[in-house]
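Report on the structure
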Amino acid sequence: MQRETLESIKPEVDFLPLNGTDHIEFYVGNAKQSAYYYQMAWGYELVAYAGPETGVREKASYVLKQGKIVLILSTALNANTEISNHVNTHGDGVKYLSLWVDDATKSYEETIKRGAKSYMEPTRFEDEHGYVIISGIHTYGETIHKFVERSNYNGVFLPGYEKPTHKINSTPVGLKHIDHCVGNVELGMMDEWVKFYEDVLGFRLLLTFDDDDISTEYSALMSKVVSNGNGYVKFPINEPADGKRKSQIEEYLDFYGGAGVQHIAVATDDILHTISELRNRGIEFLYVPDTYYEDLLERVGDIQEDVADLKKHNILVDRDDEGYLLQIFTKPVEDRPTLFFEIIQRRGAQSFGKGNFKALFESIEREQERRGNL
Ligand code: FE2
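This is a predicted model, so every value here is computed, not measured.

Here is what the cut-offs are and how they apply
Residues numbered from 1 in each chain as written. Predicted model: local features only at pLDDT ≥ 70, side-chain atom pairs only at ≥ 80, totals over all residues. Heavy atoms only, no water. Helix = DSSP H or I, 4+ residues; strand = E, 2+ residues; numbered from the N terminus. Rg over C-alpha atoms; globule rule 2.2 N^0.38 Å. Buried < 20%, exposed > 50% of the residue type's maximum accessible area, 1.4 Å probe, protein only. Contact = heavy atoms within 4.5 Å. Areas by Shrake-Rupley, 256 points an atom, 1.4 Å probe, with all protein chains shown as cover. Pairing = 2+ DSSP bridges. Axes fitted to C-alpha atoms, helices over the stretch in contact; angles between N-to-C directions. Donors = N, O, S within 2.8 Å, 3.2 Å for Na, K, Ca; no water. Domains from an automatic or database assignment. Salt bridge = Lys/Arg side-chain N within 4 Å of Asp/Glu carboxyl O. Polar contact = N/O pair within 3.5 Å; in protein donor to acceptor, adjacent residues only side chain to side chain.

Turning to the overall build of the chain, a few remarks are in order. Across its full length, the chain carries 10 helices and 16 strands. The globule rule puts the C-alpha radius of gyration for 374 residues at 21 Å, and the 20 Å found for the chain is close to it. The proportion of buried residues among the 374 residues of the chain is 56%. A separation of at least 24 residues holds for 68% of the contacts in the chain among residues at least 6 apart in sequence. Of the roughly 16,400 Å² of accessible surface on the chain, 47% is carried by carbon and sulfur atoms.

What follows is about the pairing of strand β16 (residues 340–347). Within β16, 6 of the 8 residues are buried, which leaves it mostly tucked inside the rest of the structure. Where strand β13 (residues 260–268) lies against β16, 5 bridges are found, and the strand directions are parallel. In the sheet register, H263 faces β16, and the bridge partner there is F340. Bridging between strand β15 (residues 323–329) and β16 involves 5 bridges; their strand directions are antiparallel. Counted as the bridge partner of Q327 is I344 from β16.

Let us look at unusual backbone geometry. Peptide bonds are, in most cases, trans, and in most cases residues other than glycine have a negative phi. A positive phi is found at N80, a non-glycine position, where the angle reads about 60 degrees. Structurally, N80 is set in the loop between β4 (69–76) and α2 (82–90).

Our focus in this paragraph is the sheet that holds strand β8 (residues 144–149). Across the sheet, which stays open at both edges, the 8 strands sit in the order β2-β3-β4-β1-β5-β8-β7-β6 with mixed pairing between neighbours. Only two strands of the sheet have a single neighbouring strand rather than two, namely β2 (45–50) and β6 (118–127). When the angles between neighbouring strand axes are averaged without regard to direction, this sheet yields 20 degrees.

Moving on, we get to the coordination of the iron ion. The protein atoms that coordinate the iron ion are H180 (NE2), H263 (NE2) and E342 (OE), at distances of 2.0 to 2.2 Å. All donors of the iron ion belong to a single chain; written as a sequence motif, their spacing is H-x82-H-x78-E. In this pair, H263 sits in strand β13 while E342 sits in strand β16, placing the two residues 79 residues apart along the sequence. Judged on exposure class, the residue H263 and its partner E342 are both buried.

With that settled, the discussion passes to the domain arrangement of the chain. As assigned here, the chain comprises domain 1 (20–149) and domain 2 (175–371). Between domain 1 and domain 2, the contact holds 38 residues from the first and 37 residues from the second. Between the two partners, domain 1 and domain 2, sit 0 salt bridges. In this structure, the connection of domain 1 to domain 2 is made through 9 residue pairs in polar contact (both at pLDDT 80 or more).

What follows deals with the sheet that holds strand β14 (residues 316–320). Strand order in this open sheet of 8 strands is β10-β11-β12-β9-β13-β16-β15-β14, and the pairing throughout is mixed. Two strands bound the open sheet, and with one partner strand each, they are β10 (204–209) and β14. On average, each strand axis in the sheet is tilted by 25 degrees relative to the strand beside it, whichever way the strands run. With 5 bridges joining them, β10 and strand β11 (residues 220–227) adopt antiparallel strand pairing. The residue of β11 that forms the bridge with F209 is S223. Where helix α6 (residues 271–280) meets the sheet, it contacts β9 (175–184), β13, β15 and β16, and its direction lies at approximately 155 degrees from that of β16.

Okay, structure coming up:
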């Protein structure tokens, strides 16, 4: 494992300054019903809507917010559209990992100059609340990075969106912000995409995990984590590695139909509260055996939480030289074994839970086995 500190990236050479994640847009089969799930189970608030009632003819989009996290769920209204074809190929999944920038034109020009493939030239959208500039470039699979410049806009979300006319009383579960978004790419492609983030977006390689770190009896994977200059945006990239049986990354690639977003990690300040709420509302998490907790304190040292509480909710703990973190992973949130969520609480640690990989992957393999995909 290798590690570099973020201090080594000098702000004056950061040609792509990012303020963070602007939003994550999913293409889904039925956005109305997905929006209900994210409101009732996950506690997001519906803050904006675009669709036929607001003059949009080809799609319906629901904008959900909790803390700083903004998700959009978009669905096609007709066959043979970009969205319906995407859903047909991939199932429900992430289309846009959109980044919040001060200058979407410069972000586009700097990345195109360095080899990015254009998705959308800088385009101005406006309404009575001001204007935004949005541009976009391709990344792995059919996933897109949009650059969103919104300093001259004060409407409900973006031009074209309106306040929803019908809202459910959702109760937040304490989700604060996006911690990291992980991509799965094809065998042999991890280093190419790491190079893309380094060369084209000015990211820096933070961590490398090889199959010594992440292998179980059956399967293995390789992972590298890239971060932007200020550390607000972190993208781990996984590829399958040879194991006895089909790796979880291969299962994803088979069912997603190629590279795509594997999981989104969302941060909380109180993971025990967040997870007990989510469990009450029916969210399913990966199971780790009770033996994981037997020698937990010997492995991670003193922690503020009660081990019995962590065990009750199946929350994992890992420590690095800066502190510790608590984390847990959902089962896939669609019928295809593709995208899942991680809930993470950082108590100092800036790493990704390497000490939990083995327990975690054995748990994922138990699920793969149940699906007949191991
Ligand atoms: Fe993660």
